Amino acid sequence: AAAAKAAAGEEVAVEDDEEWSAPAPMVRMANLCCISGFAINGVAAIHSEIVRTFTFKDFGELWPEKFQNKTNGVTPRRWLAFCNPQLSSVITEAIGTDEWVTDTALLEKLGPLAKDPELQKKWRAAKQERKALCAKMVEETTGVKVSTDAMFDIQIKRIHEYKRQLLNIMGIIHRYNEMKAMTPEERANVTPRVCIFGGKAYATYLQAKRIVRLVTAVGEVVNNDPEIGDLLKVVFVPDYNVSLAETLIPASELSQHISTAGTEASGTSNMKFQMNGCLIIGTLDGANVEIRECVGDDNFFLFGIEEPEVEPARAERAAGKFEPDPRFTAVMDTIKSGVFGKPGEFDELLWSLEGNEGFGRGDYFLVAKDFPSYIECQDKVSAAYKDQDAWTESSIISTAFSGKFNSDRTIDQYATEIWDIKPLPVP
């Protein structure tokens, strides 16, 4: 309080036994932007709400009219028409026009056709063709041969603890442990999966690099286990870039957008996957919230705590009251045992999941908290994939209601609601 008064130029009474010094001068760029800026926006509904009610709460109360939302978008020209000509031709034939390329609202015409057997047959054939192209790329870049009869389960994005590739690979280890404990008869009922990771880690971000190493170490074991065979493959595709994304996204059947609630501003790969008829497993974070609203609860695999529960969960952990699920502990023990990589190789990575608080400690991104919900949701995914007619229906619905996430809409909103500029007609 004394510091605030001093900053405001008010006199401050200092007790004889109290030492006080003014805070160091600091340029608060974000505050200056809020004061001088005409408009302030987040890039997804939940993000904009966090910006208004938490990050800049005082400014939100002072100038509520400045705060807006502009949900991100992606271009359907590149991320569907160009990169997936197989599915694009099916769409054009089904709705009778290719004008959806510039007017994605037309994709909604697919909705009433989602149960049509003939459309489903063509839809699956297009997906299968893309999976074959992806499998070829995977074998050429990693040497791992994968079955196109398996579900293609893909997570491609920047490697970061908040995006929780660690949760994904720990879920895979749990699935592998379960499969190893099964009889051959039980394994016959397992839904086969090809789990593909891709993304880049910042040069000095050691934890991200350790996560990548864990993924590759798990792959080295799983991909060479004769008992498992094609039931599970784990692949990290090197040198991730847009061209690789243009091969991976059209082939994906499940994509993972599993960041800790409240940490992802929006995400845009989730939109690209949705456009290509991929189902999403994810938390209520970023644009996932709006994607789920568009496709419906039945066509989105939701798990995890919600944003208002995050800080209480961290407080619970800091107070030493959190008890991890035994299945999470079993995965931790498996990694520590040296089954993957060298003994002790992942101690520093696992260290971040242990303890109750402190920098780099205490599982800040709540991997353990969401783990039970995540693996149980993955069981629902496996069961749902067995019904290919229902899965294809959900896939068609995903594409049908992806039109909101067209970057044309986003740019138009910026132009009309913030920049106040008019379109320039092309002669």
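Residues numbered from 1 in each chain as written. Predicted model: local features only at pLDDT ≥ 70, side-chain atom pairs only at ≥ 80, totals over all residues. Heavy atoms only, no water.

## With respect to a nonpolar patch on the surface
- Together, V27, M29, L32 and I35 line one region of the surface with nonpolar side chains, adding up to about 410 Å² of accessible area.
- Within the secondary structure, L32 sits in helix 2 (residues 29-36). (Patch = residues over 30% accessible without salt bridge, like charges linked within 9 Å, V, L, I, M, F, W, Y side chains within 5 Å. Areas by Shrake-Rupley, 256 points an atom, 1.4 Å probe, with all protein chains shown as cover. Salt bridge = Lys/Arg side-chain N within 4 Å of Asp/Glu carboxyl O. Helix = DSSP H or I, 4+ residues; strand = E, 2+ residues; numbered from the N terminus.)

## Focus: the sheet that holds strand 6 (residues 254-257)
- Judged by pairing direction, the sheet is parallel, and its six strands sit side by side in the order 5-4-3-6-7-8 without closing on themselves. Two strands lie at the open edges of the sheet, namely strand 5 (232-237) and strand 8 (301-302), each paired on one side alone.
- Two strands pair when backbone bridges link them, and strand 7 (residues 279-282) and strand 8 are joined in this way by two bridges, in the parallel orientation. Note on strand 8: the bridge partner recorded for I281 is F301.
- Contacts from helix 7 (residues 117-142) reach strand 3 (151-156), strand 4 (193-198) and strand 5, with the element oriented near 70° to strand 5. (Pairing = 2+ DSSP bridges. Contact = heavy atoms within 4.5 Å. Axes fitted to C-alpha atoms, helices over the stretch in contact; angles between N-to-C directions.)

## So, the packing of aromatic side chains
- Scanning the model with the defined rule gives nine aromatic pairs in all.
- When the ring of F328 is compared with that of F371, the centres are 5.5 Å apart and the planes differ by 70°; the resulting orientation is edge-to-face. Of this pair, F328 sits in helix 15 (residues 326-336) while F371 is found in helix 17 (residues 367-385), placing the two residues 43 residues apart along the sequence. Taken as a pair, F328 and F371 share a single burial class, namely buried.
- Here the aromatic residues F56, F59 and W63 are joined through ring pairs into a cluster of three or more.
- Taking NZ or CZ as reference, K272 lies 4.3 Å from the ring centre of W79, over its face.
- Its end group placed over the ring of Y364, R314 keeps NZ or CZ at 3.6 Å from the ring centre. (Phe/Tyr/Trp six-rings, centres within 6.5 Å; stacked < 30°, edge-to-face > 60°. Buried < 20%, exposed > 50% of the residue type's maximum accessible area, 1.4 Å probe, protein only. Lys NZ or Arg CZ within 6 Å of the ring centre and 35° of its normal.)

## Focus: the confidence of the model for the chain
- Across the chain, the average pLDDT comes to 94, with 95% of residues at or above 70.
- Residue range residues 1-8 is modelled with pLDDT below 50. Its contacts to residues more than four positions away, or to other chains, number eight contacts. (pLDDT = per-residue confidence, 0-100.)

## Some remarks on the packing of helix 7 against helix 11 (residues 242-251)
- Between helix 7 and helix 11, whose axes approach to 8 Å, the crossing angle comes to 135°. What the angle tells us is that helix 7 and helix 11 run oblique. Between helix 7 and helix 11 lies a crossing of left-handed hand. In contact with K127, R130, K131, L133, C134 and M137 of helix 7, helix 11 contributes L244, E246, T247, L248, I249, P250 and A251.
- In terms of residue class, the contact of helix 7 with helix 11 is built from eight nonpolar, one polar and four charged. (Parallel < 35°, antiparallel > 145°, perpendicular 65-115°, else oblique. Left-handed = near helix turned anticlockwise from the far one by under 90°. Nonpolar A, V, L, I, M, F, W, Y, C, P; charged D, E, K, R; others polar.)

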